[in-house]
Number of protein chains: 2
Amino acid sequence: MNCEILAVGTELLLGHTVNTNAADLGLRLASLGINVFWHTVVGDNPGRLREAVAQARTRADLIVCTGGLGPTYDDLTKNILAESFGKKLVFHEDEADFLRAFYAKRSRPMTPNVLQQAWLPEGAVVFHNDWGTAPGCAFEAEGTRVLLLPGPPYECLPMFDACAAPYLRSLSAETLVSRQIRVFGIGESAVEQIFRAEMETMKNPSLATYAKEGEVMLRVTAKAATEAEAAALCEPVVRKVTETLGAHVYGVDVDSLEALVLALMKDRGLTLATAESLTGGLIGARFTAVPGASAVFRGGALTYCDEVKHAMLGVPADVLAEKGAVSREVAAAMAEGARRAVGADLAVSATGLAGPDGDGVNPVGTVFVGLAGPDGTWVRHLRLDASRGRALVRTMSASNAFDMLRRYLTGLPVE
Amino acid sequence: MNCEILAVGTELLLGHTVNTNAADLGLRLASLGINVFWHTVVGDNPGRLREAVAQARTRADLIVCTGGLGPTYDDLTKNILAESFGKKLVFHEDEADFLRAFYAKRSRPMTPNVLQQAWLPEGAVVFHNDWGTAPGCAFEAEGTRVLLLPGPPYECLPMFDACAAPYLRSLSAETLVSRQIRVFGIGESAVEQIFRAEMETMKNPSLATYAKEGEVMLRVTAKAATEAEAAALCEPVVRKVTETLGAHVYGVDVDSLEALVLALMKDRGLTLATAESLTGGLIGARFTAVPGASAVFRGGALTYCDEVKHAMLGVPADVLAEKGAVSREVAAAMAEGARRAVGADLAVSATGLAGPDGDGVNPVGTVFVGLAGPDGTWVRHLRLDASRGRALVRTMSASNAFDMLRRYLTGLPVE
């Protein structure tokens, strides 16, 4: 099935909103075995939306539309799509009841245009919106399938997972299984070189690599009549990749390094502390972005200046003076100090130069990342490419802290 | 001038990379007075790229392409665009010299395909790449202007600003000036209601609103023969909007709340500390993401659990027991404790429930944000909409901390 993702919204065109839905839906559609060949964005403009639909139906069997389902005058996606495919709109009394209850519960005045949202193309499968108000839907016309989803990501993505994905799966006699192998500490080009032959020749399962912010992901995808058969096809490839890449593989079908570390620590009842200089809170922010972090994370210290490294973490003043804040010794003392001050089983630290300014001694991109545990302290010395910018130096520093934790927790060499 | 942004890259289609360039270029093009009506994404596929170019030239005077300028076999943007517009590629010896020097300096082996990057369409204005290797360019053919820019945002955006923006400005006899009024603490629909008449009727200058993550931005844009004349046209509208919205306006042409707070504090030689519970480091991470933060930010404490609130910040155990960690009293004690422990002039704190789990007493979305200074302590009680997710509750908590700081620093009521 060939798909075009068609996003509607002037805020996307003008750059006030990033079209993250297109990426997040792209990932989900790919994992269902659907080929996404085009993304298109148009504004809240009837003529250009009509043109985009006319164009999309010439080249896609499936058009996934996002945005423009709400109650205001510029929400025109549903009307234009219904018109383009010769469908009348039908009023759904149950959706109208839901909308009335929604507004009553929140004591908001319900203007008549709110009920616009209860009109949907005839014959559509309704996707009830448990995360907002406007229902989505799927319909079929003249050989083309159309999905209409709301624009806000916190409505669009849960609706896709709960309603659209099962609908799309039901259209295919085959089942698709996809496994994601997550890799840290080796570049995409090196990974590609190792598996080039498999990537070019294998069809079912297929193997592909993707790079993002210093990490690599390999996806193994297989189709078969049943889920068990598709999973069995994936298995030997997943095994081969994980064996070949060894300790660089941090997980299969896990969300992120920090989610993996949280799960490992929670299982063992271990607690975590942080001591951050150049990352300024990013390690803590990423870890606590994972729901359930409070079972493991106790706290930490942001020690941007030297006095605070000494006062909050007990980093000796003479070490700071002799070795400098960007040093192996200070990273170690910060991690040990955080472990002690917070009273945690493990602590990680990061000190370095994110840029644009340096310290006159070390080049920008020099970072020391520490890990302290009951059985020792380890420090990794990173030489990051500063030309990629301050944000990436900080991100990579935080990722290395999580990588050291997962290596420690799985019995691998930490540094 | 009507524009289409055409991004090339399979990683975008599949969702492994978010097309942030489209948004960032959309903002920049709009500020130059160029109408962006379409964003299109295609993969590294010659046939579909040809189709996309054929389509774009029927509806745009300006096609801005991103991605596919590098040295590998799937970097085909330049070749397809040159072919589509009947241009030969010309070898640029100076760009080749730069590439040779670039690889020599880094002791990387230079494979022959690297020099592919020195071939550019005949007659093109070359955009030398100071942020990577592949040069970009602009050319004109049959009434259409084409810009070719690299895919990585840390190359694409600086090249746009340094090379493409001056090129585009030189095409127009008129000068465009755009002012951005940044607003916090009032919703987009309320702002729209106030200025609906102006937004619908004014043409030069024009006024528009945009919402993002709990903030609103109003843009005033004017065209005139000179920059001074365009700026003078904007001035009364900027004044009217800022006067009408009063204290909700936090700045005109500033980057963000945190960048404004950094600038205000730096000017006065003030220092900052943080005390974070539910935000887990996000306040510090956002503040230290602004270059130059080290002049103001000294450090802070991440106090996720009650014991650490007590140990690191001296929050009294009886206050924690009687009032609970999510309380006005604890937010105040955290901010005061951070100010003391870090030795800073001002400190902000946040404690609350980001979800999904609650504490059995307060609803998810309950947050207390504190500010402590030499002359007092203030606490804001937020009741955030938890249905929008954990990430937005944390973002809004951090934004409120920065908003309290800017109100304190500008003599406005803080709470």
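Preceding this paragraph is the structure being described.
These numbers come from a predicted model, not from an experiment. (Residues numbered from 1 in each chain as written. Chains lettered and ligands numbered in written order. Predicted model: local features only at pLDDT ≥ 70, side-chain atom pairs only at ≥ 80, totals over all residues. Heavy atoms only, no water.)

*Asks:* Even after reading the chapter, I still don't get the overall build of chain A, so can you show me in this structure?
*Replies:* Scanning chain A from N- to C-terminus turns up 14 helices and 17 strands. Taking the principal axes of its C-alpha atoms as reference, chain A extends roughly 80 × 55 × 40 Å. Carbon and sulfur atoms provide 52% of the accessible area of chain A, an area that totals close to 16400 Å². Computed over 39 positive and 48 negative side-chain charges, the separation of the two mean positions in chain A equals 1 Å. (Helix = DSSP H or I, 4+ residues; strand = E, 2+ residues; numbered from the N terminus. Areas by Shrake-Rupley, 256 points an atom, 1.4 Å probe, with all protein chains shown as cover. Lys, Arg positive; Asp, Glu negative; His and termini not counted. Charge placed at Lys NZ, Arg CZ, Asp CG, Glu CD.)

*Asks:* Whenever I open this one, the interface of chain B and chain A confuses me. Can you help?
*Replies:* Accessible area lost during the coming together of the parts is what is often quoted as the interface size. Tallying the contact residues gives 64 residues for chain B and 64 residues for chain A. Summing the contributions of chain B and of chain A, the shared interface buries around 5400 Å²; its carbon and sulfur component is 60%. Across the chain B-chain A interface, the total number found is two salt bridges. Measuring nitrogen to oxygen at the nearest pair gives 3.6 Å for the salt bridge that ties R59(A) to E51(B). For the side of chain B that touches chain A, a count of residues per class yields 33 nonpolar, 20 polar and 11 charged. (Contact = heavy atoms within 4.5 Å. Buried area = accessible area lost by both parts, 1.4 Å probe. Salt bridge = Lys/Arg side-chain N within 4 Å of Asp/Glu carboxyl O. Nonpolar A, V, L, I, M, F, W, Y, C, P; charged D, E, K, R; others polar.)

*Asks:* Sorry if this is basic, but what is going on with the relation of the copies chain B and chain A here?
*Replies:* What relates the two chain copies is a rotation about an axis together with a slide along it. For the pair chain B and chain A, the relating rotation is 180°, the translation along its axis is 0.0 Å, and the fit reaches an RMSD of 0.1 Å. Such a combination of turn and shift is consistent with a two-fold rotation axis. Comparing interface residues between copies, 100% of those in chain B also sit at the interface in chain A, which points to an isologous, same-surface contact. (Least-squares fit on C-alpha atoms with pLDDT ≥ 70 in both.)

*Asks:* So what exactly am I meant to see when it comes to the environment of G9(B) here?
*Replies:* With respect to the secondary-structure elements, G9(B) resides in the loop between β1 (2-8) and α1 (10-13). In this structure, G9(B) is in contact with V41(B), V42(B), G43(B) and D44(B), ignoring residues within four places of it in sequence.

*Asks:* I keep staring at the pattern of salt bridges and nothing clicks. Help me out?
*Replies:* Residues and elements named next belong to chain A. Considering all chains together, one arrives at 38 salt bridges over all chains under this definition. Here E4 ties to R59 by a salt bridge, and the two come within 2.8 Å at their closest N and O atoms. Here E4 is found in strand β1 (residues 2-8), whereas its partner R59 is found in helix α3 (residues 46-59), with 55 residues between them in sequence. Residue D97 is joined to R100 by a salt bridge in which the shortest nitrogen-to-oxygen separation is 2.8 Å. Taken together, the residues D97 and R100, both in helix α5 (residues 93-105) and three residues apart, mark about one turn of the helix. A cluster of three or more residues bridged by salt bridges with shared partners is formed by R380, D403, R406 and R407.

*Asks:* I keep staring at the sheet that holds strand β2 (residues 35-42) of chain A and nothing clicks. Help me out?
*Replies:* Paired through backbone hydrogen bonds, the strands of a sheet run either parallel or antiparallel to each other. Taken in spatial order, the 12 strands of this open sheet run β6(A)-β7(A)-β8(A)-β3(A)-β1(A)-β2(A)-β2(B)-β1(B)-β3(B)-β8(B)-β7(B)-β6(B), and their pairing is mixed. Sheet topology places β6 (125-127) of chain A together with β6 (125-127) of chain B at the edges, where each strand pairs with a single neighbour. With strand direction ignored, the average angle separating the axes of adjacent strands in the sheet is 15°. With five bridges joining them, strand β7 (residues 136-141) of chain B and strand β8 (residues 144-149) of chain B adopt antiparallel strand pairing. Of the residues in β8(B), the one forming a bridge with E140(B) is R145(B). Across the sheet, helix α6 (residues 153-170) of chain A touches β3 (62-66), β6, β7 (136-141) and β8 (144-149) of chain A, and the angle it forms with β8(A) is around 155°. (Pairing = 2+ DSSP bridges. Axes fitted to C-alpha atoms, helices over the stretch in contact; angles between N-to-C directions.)

*Asks:* Sorry, what's going on with the sheet that holds strand β14 (residues 297-303) of chain B here?
*Replies:* Overall, mixed pairing links the 10 strands, which are arranged β17(A)-β16(A)-β15(A)-β13(A)-β14(A)-β14(B)-β13(B)-β15(B)-β16(B)-β17(B) in an open sheet. The open sheet has two edge strands, β17 (376-383) of chain A together with β17 (376-383) of chain B, and neither has a second partner. Each neighbouring strand pair of the sheet contributes to a mean axis angle of 10°, computed without reference to strand direction. For strand β15 (residues 346-352) of chain A and strand β16 (residues 366-373) of chain A, the ladder comprises six bridges, and the chain directions are antiparallel. When the bridges of β16(A) are listed, V348(A) appears paired with L371(A). Across the sheet, helix α11 (residues 306-313) of chain A touches β13 (272-276), β14 (297-303) and β15 of chain A together with β14 of chain B, and the angle it forms with β14(A) is around 145°. Here helix α14 (residues 390-409) of chain A sits on the sheet in contact with β13, β15, β16 and β17 of chain A, set at roughly 30° to β16(A).

*Asks:* What's the story with the environment of T77(A) in this structure? I'm lost.
*Replies:* Residues and elements named next belong to chain A. With respect to the secondary-structure elements, T77 resides in helix α4 (residues 77-84). Separated by 71 residues in sequence, T77 and L148 place their C-alpha atoms 8.1 Å apart. Separated by 2.7 Å, the side chain of T77 and the backbone oxygen of G67 make a polar contact. (Polar contact = N/O pair within 3.5 Å; in protein donor to acceptor, adjacent residues only side chain to side chain.)

*Asks:* Can you walk me through unusual backbone geometry in this structure?
*Replies:* Trans peptide bonds make up most of the peptide bonds, and negative phi angles are found at most residues other than glycine. All names here are of chain A. Cis geometry is found at the peptide bond from G355 to P356, where omega equals 0°. Mapped onto the elements of the fold, P356 is located in the loop between β15 and β16. A positive phi angle, close to 60°, is found at D253, a residue other than glycine. Secondary-structure assignment places D253 in the loop between β12 (249-252) and α9 (257-268). When its relative accessible area of 41% is taken as the criterion, D253 is described as partly exposed. (Buried < 20%, exposed > 50% of the residue type's maximum accessible area, 1.4 Å probe, protein only.)

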